[in-house]
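Take a look at the letters that make up each chain.
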Amino acid sequence: MNYPHPSAAPKPPKPFYARPRTWLWLAIAAAVYGWAFSGIPFSGIKETAWQITKAVVSGLFHPDWNYVYLAEGEDLLRGLGETLAIAVLGTAISVVLTIPFALWAARNLVKLRLLSGASAFTLSLIRTFPDIIMAIIFIKAVGPGAFAGVLTVGLNSIGMLGKLNAEALEELDMGPSEALKACGATRLQTIWHAIVPQAIPFYLSFALFRLEINVRSAAILGAVGAGGIGTPLIFALEGRSWSRVGIILLGIIVLVTAIDWISGKLRKRLVEGKS
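Keep in mind the model is a prediction, meaning the values are calculated, not measured.

Undergrad: Looking at this model, I keep getting lost on a positive patch on the surface. Mind explaining?
TA: There is a patch of like positive charges on the surface, built from K111, R113, K181 and R187. Note on placement: R113 falls in helix α4 (residues 113-127). The exposed category is assigned to R113, whose relative accessible area is 51%.

Okay, here's the thing in structure tokens:
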């Protein structure tokens, strides 16, 4: 039996730190970061920085509990309720409007590449707009308030939900669809009986996941006038009412945590097929 010569054995790969390409990329990254930090104007720390920091921390740890409910005007509960309403309505709008985009962007369902490509490009274009910029546009169009927040959350969610649902549709088992076609079913019957039952769990799971994100977004959109708890939060920050800032932040944390927990439980049941 002929054994290979020891010199013919493959050499072990070099560790990453011994490769010249690694040090080249590290040098490029260091140069980029050095150039970026060199443009930051470090003007020093203000003399009142410690006093302001102390006041902020004190207000956060001593929240204004009286602001939780005010019978005569806006309070924490009303602000959180409006924030949740904006997130839920915006998500509902996106869940409905994303259906045609997802179907058109799925390449295994649409044979016309021009249509699927145009739909995928539209979804990518929607995702490029930040929430704040879109909120400012809608505020200019319909005026400040919760309606602008709902439109912002709804339209901005279409890009993400459409992409996720289109990718889920492309990964579906097409065996039932082919069987129905062979039996003479129409395209609408094929989609309704073969595609929809497989897609619903993922579709609802993505909607719940997006709801979690929209609750956070709705809490921030009020800072530019799109309604929700963000409006009293920005007023409290501008007025340096740190105790009110503390109770508002605490309310946002509780709301987001509760939504995340409930949504996580529901998504787990949907994905695992539990009733």
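On we go from here.
Undergrad: Sorry if this is basic, but what is going on with the side chain of E212 here?
TA: Here E212 shows up in helix α8 (residues 187-221). Classification of E212 by relative accessible area gives buried; the value is 7%. Non-local contacts of E212, meaning those with residues more than four positions away in its chain, are made with I259, D260, S263, G264 and R267.

Undergrad: I keep staring at a nonpolar patch on the surface and nothing clicks. Help me out?
TA: Together, F121, L125, F129, I132, I133, I136, I137 and I220 line one region of the surface with nonpolar side chains, adding up to about 710 Å² of accessible area. Sorting elements by how many residues they give to the nonpolar patch places helix α5 (residues 131-142) first, with four residues. Assignment of secondary structure puts F129 in the loop between α4 and α5.

Undergrad: I would appreciate a short explanation of the nonpolar core in the present structure.
TA: If you look at soluble globular proteins, the nonpolar side chains tend to sit buried side by side. One finds L76, L80, V215, I229, I248 and I252 to be the most contacted residues of the largest nonpolar core, which totals 29 residues. Within the residue set of this core, elements represented by two or more residues are α3 (76-105), α5, α6 (146-170), α8, α9 (230-238) and α10 (242-272). Ranked by the residues each element gives to this core, the list is headed by α10, at eight residues. In this structure, L169, L172, I195 and A199 belong to the second largest nonpolar core, which totals seven residues.

Undergrad: Quick question: what am I supposed to make of the packing of aromatic side chains here?
TA: The description of two aromatic rings rests on the distance between their centres and on the angle between their planes. Counting across every chain of the model gives one aromatic pair. Both rings, one in F101 and one in W104, keep their centres 6.1 Å apart while their planes meet at 70 degrees; by these two values the pair is edge-to-face. With F101 and W104 both in helix α3 and three residues apart, this pair spans about one turn of that helix.

Undergrad: Can you help me understand the environment of L172 in this one?
TA: The residue L172 is located in the loop between α6 and α7 (175-182) in this model. Relative accessible area serves as the criterion here: at 12%, L172 is assigned to the buried category. A sequence separation of 26 residues divides L172 from Q198, and the C-alpha atoms of the two residues are 7.1 Å apart.

Undergrad: Which parts of the structure should I look at to understand the pattern of salt bridges?
TA: Close approach of charged atoms lets side chains of opposite charge pair. All chains considered together, the criterion is met by four salt bridges. As a salt-bridge pair, D75 and R78 come within 2.7 Å of each other at their nearest N and O atoms. Under the relative-accessibility criterion, D75 is labelled buried at 1%. Across the salt bridge formed by D260 and R216, the nearest N and O atoms sit 2.6 Å from each other. Pair noted here: D260 is in helix α10 and R216 is in helix α8, with a separation of 44 residues, a long-range link.

Undergrad: Is there a simple way to think about the packing of α3 against α4 in this case?
TA: Helices that pack against each other are described as a pair by the angle of their axes relative to one another and the distance between those axes. In the contact formed by α3 and α4, the axes pass within 7 Å of each other and the chain directions differ by 130 degrees. Between α3 and α4, the angle falls in the class oblique. In the packing of α3 onto α4, the handedness of the crossing is left-handed. Residues F101, W104 and A105 of α3 pack against L115, S116, S119, A120, T122 and L123 of α4. Of the residues belonging to the contact of α3 with α4, the class tally is six nonpolar, three polar and no charged.

Undergrad: What exactly am I supposed to notice about the confidence of the model for the chain here?
TA: Caution is warranted with low-pLDDT regions, since their predicted coordinates should not be read in detail. For the chain, the mean per-residue pLDDT works out to 82, and 90% of the residues sit at or above 70. The weakest mean pLDDT in the chain belongs to α7 at 78; the strongest belongs to α3 at 89.

Undergrad: Where do I start with unusual backbone geometry in this structure?
TA: Excluding glycine, residues mostly carry a negative phi; peptide bonds, for their part, are mostly trans. The phi torsion at R240 lies on the positive side, around 55 degrees, for a residue other than glycine. You can see R240 is positioned in the loop between α9 and α10. Classification of R240 by relative accessible area gives exposed; the value is 57%.

Undergrad: Teacher, can you tell me more about the environment of N165 here?
TA: In this fold, N165 is placed in helix α6. For N165, the residues in contact, after removing those within four places along its chain, are T98, A102, F202, Y203 and F206. Only 2.8 Å separates the side chain of N165 from the backbone oxygen of L161, close enough to count as a polar contact.

Calculation criteria
- Residues numbered from 1 in each chain as written.
- Predicted model: local features only at pLDDT ≥ 70, side-chain atom pairs only at ≥ 80, totals over all residues.
- Heavy atoms only, no water.
- Patch = residues over 30% accessible without salt bridge, like charges linked within 9 Å, V, L, I, M, F, W, Y side chains within 5 Å.
- Areas by Shrake-Rupley, 256 points an atom, 1.4 Å probe, with all protein chains shown as cover.
- Salt bridge = Lys/Arg side-chain N within 4 Å of Asp/Glu carboxyl O.
- Lys, Arg positive; Asp, Glu negative; His and termini not counted.
- Charge placed at Lys NZ, Arg CZ, Asp CG, Glu CD.
- Helix = DSSP H or I, 4+ residues; strand = E, 2+ residues; numbered from the N terminus.
- Buried < 20%, exposed > 50% of the residue type's maximum accessible area, 1.4 Å probe, protein only.
- Contact = heavy atoms within 4.5 Å.
- Core = buried A, V, L, I, M, F, W, Y, C linked by side-chain atoms within 4.5 Å.
- Phe/Tyr/Trp six-rings, centres within 6.5 Å; stacked < 30°, edge-to-face > 60°.
- Axes fitted to C-alpha atoms, helices over the stretch in contact; angles between N-to-C directions.
- Parallel < 35°, antiparallel > 145°, perpendicular 65-115°, else oblique.
- Left-handed = near helix turned anticlockwise from the far one by under 90°.
- Nonpolar A, V, L, I, M, F, W, Y, C, P; charged D, E, K, R; others polar.
- pLDDT = per-residue confidence, 0-100.
- Polar contact = N/O pair within 3.5 Å; in protein donor to acceptor, adjacent residues only side chain to side chain.

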